[in-house]
Amino acid sequence: MNAQREWFEKDYYKTLGVDEGASSKEITKAYRKLAREFHPDKNPGDDVAEDRFKEVSAAYDVLGDDDRREEYDEVRRVGPMGGAGGAPGGPGGFTFNVGDTRGGGLGDVLGDMFGRGGRSGYGQGGGRSGVGPRRGADLETHLTIDFADAAHGITTALHLTTDAQCSTCGGVGARPGTMPRACGHCGGRGVVDDNQGMFSFSSPCPACQGQGSVIDDPCPTCRGAGIEQRPREVKTRIPAGVRDGQTIRLKGRGGPGRNGGPAGDLLVNLTVRPHDRFGRKGDDLTVRVPVTFVEAVLGGEIEVPTLDGDGVTLRLKAGTQSGSRHRVKRRGIETKRHTGDVIVTVEVDVPTEVNDEQRAAIDDLARATTIDPRKTT
């Protein structure tokens, strides 16, 4: 089993709002509903919604997998949440030996969580070592881009000052020419055992702080940490169609891993500058285009701007109303999955100044007009 410590503490069924006997279909349906409700793209800048989204995702990561759900249910049945106080075998209710994994089951579960032996353990004596690879931390940064770059995509460079593998010792932590030695107290395991009757737990070695090794001559640059802060440049491609407030995850571009572990991710929070003419609705562009009274009454062809700058012709019907909307197909934002349209809102431009000839023509039109738009029937 690959049980996690938090399985004892968290009720994933309650997190998703389903019964323990819920079907896989019901669990998936509940997850999708909550994920849509609390997704960061829908709640930009809302830390509470983001935390709730992470909780829902973690719950579904377990309950959405039949094998992991079965393991989780077993932990709940026999662990602190599942009636540990009433089982036979003494005041605590447990009669098993955590180190005894011949039959698998809960011995494996607790062995995984508390570091004792199991079929997946490693290190001397069959116990789990405390010096395994550790994934690097996820880092966050901010990037502001233009509206057109967000629509078309852009290749850019992010300049960061972050933790990175020490350039002097290569992450070893020891002065060049020397190497760390195995800790004599724990035999290089990084953990020491504490036998308590039927239970046997492991804790980090106090001599090496769980590292499994001791550095006698630390690196002068990182002082034994194997990590230093330094400026670095991260080149990346921002995909076409990103939105204001969206977060882009760059895999493996975050903090360095420890003991051979993978690097974390880099989260890029985007701000998109507004355009002076275009708006956006999904993958559609929106734009307002002025037309003359003659064009609105008699119809005609007008030129509509596009984000590419080449323009496109739109034919107006006679009697086009001010404020009416017209769609220009497939000239909006293009992504891998979809190409949006341009939504044109027509606005009749009323002149504020007219010459004598124009005024005479308007007077003639007024005398010829017999329809009163304000008259109700």
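From a predicted model like this one, the values you see are computed outputs, not experimental measurements.

As a further point, take a positive patch on the surface. A surface patch of positive charge is lined by Lys25, Lys29, Arg32, Lys33, Arg36 and Lys42. Turning to its location among the elements, Lys25 is positioned in helix α2 (residues 24-38). Residue classification places Lys25 among the exposed residues on the basis of a relative accessible area of 72%.

Turning our attention to the pattern of salt bridges. The full count for this structure, using the stated rule, is 22 salt bridges. Across the salt bridge formed by Arg68 and Asp61, the nearest N and O atoms sit 2.7 Å from each other. On the basis of relative accessibility, which here comes to 22%, the residue Arg68 falls in the partly exposed class. A network of salt bridges, in which partner residues are shared, links Arg135, Asp138, Arg249, Lys251 and Asp265.

Packing of α2 against helix α3 (residues 47-63) leaves a shortest axis separation of 9 Å and a crossing angle of 160°. Relative to α3, α2 is oriented roughly antiparallel. At the point where α2 passes α3, the crossing takes the left-handed sense. Every residue of α3 that contacts α2 at Ile27, Thr28, Tyr31, Leu34, Ala35 and Phe38 is listed here: Ala49, Arg52, Phe53, Val56, Ser57, Tyr60 and Leu63. Across the contact of α2 with α3, the residue classes break down as 10 nonpolar, 2 polar and 1 charged.

Attention now goes to α3. With 17 residues, α3 should reach 24 Å at 1.5 Å per residue; the first-to-last C-alpha distance of 24 Å fits that figure. Among the residues of α3, Ala49, Phe53, Val56, Ala59, Val62 and Leu63 are the ones counted as buried. Where α3 begins, one side-chain oxygen reaches toward the backbone nitrogen of Val48, 3.1 Å away; that side chain belongs to Asp46.

Spatially, 4 strands are ordered β10-β11-β15-β14 in an open sheet, and the strand pairing comes out mixed. Among the strands making up the open sheet, the edge pair consists of β10 (279-281) and β14 (325-328). Neighbouring strand axes in the sheet, compared pairwise and without regard to direction, differ in orientation by 35° on average. Of the pairings in the sheet, the one linking β14 to strand β15 (residues 342-348) comprises 4 bridges and is antiparallel in character. Bridge pairing in β15 places His326 opposite Val344.

What counts and how
- Residues numbered from 1 in each chain as written.
- Predicted model: local features only at pLDDT ≥ 70, side-chain atom pairs only at ≥ 80, totals over all residues.
- Heavy atoms only, no water.
- Patch = residues over 30% accessible without salt bridge, like charges linked within 9 Å, V, L, I, M, F, W, Y side chains within 5 Å.
- Areas by Shrake-Rupley, 256 points an atom, 1.4 Å probe, with all protein chains shown as cover.
- Salt bridge = Lys/Arg side-chain N within 4 Å of Asp/Glu carboxyl O.
- Lys, Arg positive; Asp, Glu negative; His and termini not counted.
- Charge placed at Lys NZ, Arg CZ, Asp CG, Glu CD.
- Helix = DSSP H or I, 4+ residues; strand = E, 2+ residues; numbered from the N terminus.
- Buried < 20%, exposed > 50% of the residue type's maximum accessible area, 1.4 Å probe, protein only.
- Axes fitted to C-alpha atoms, helices over the stretch in contact; angles between N-to-C directions.
- Parallel < 35°, antiparallel > 145°, perpendicular 65-115°, else oblique.
- Left-handed = near helix turned anticlockwise from the far one by under 90°.
- Contact = heavy atoms within 4.5 Å.
- Nonpolar A, V, L, I, M, F, W, Y, C, P; charged D, E, K, R; others polar.
- Expected span 1.5 Å × (residues − 1).
- Polar contact = N/O pair within 3.5 Å; in protein donor to acceptor, adjacent residues only side chain to side chain.
- Pairing = 2+ DSSP bridges.

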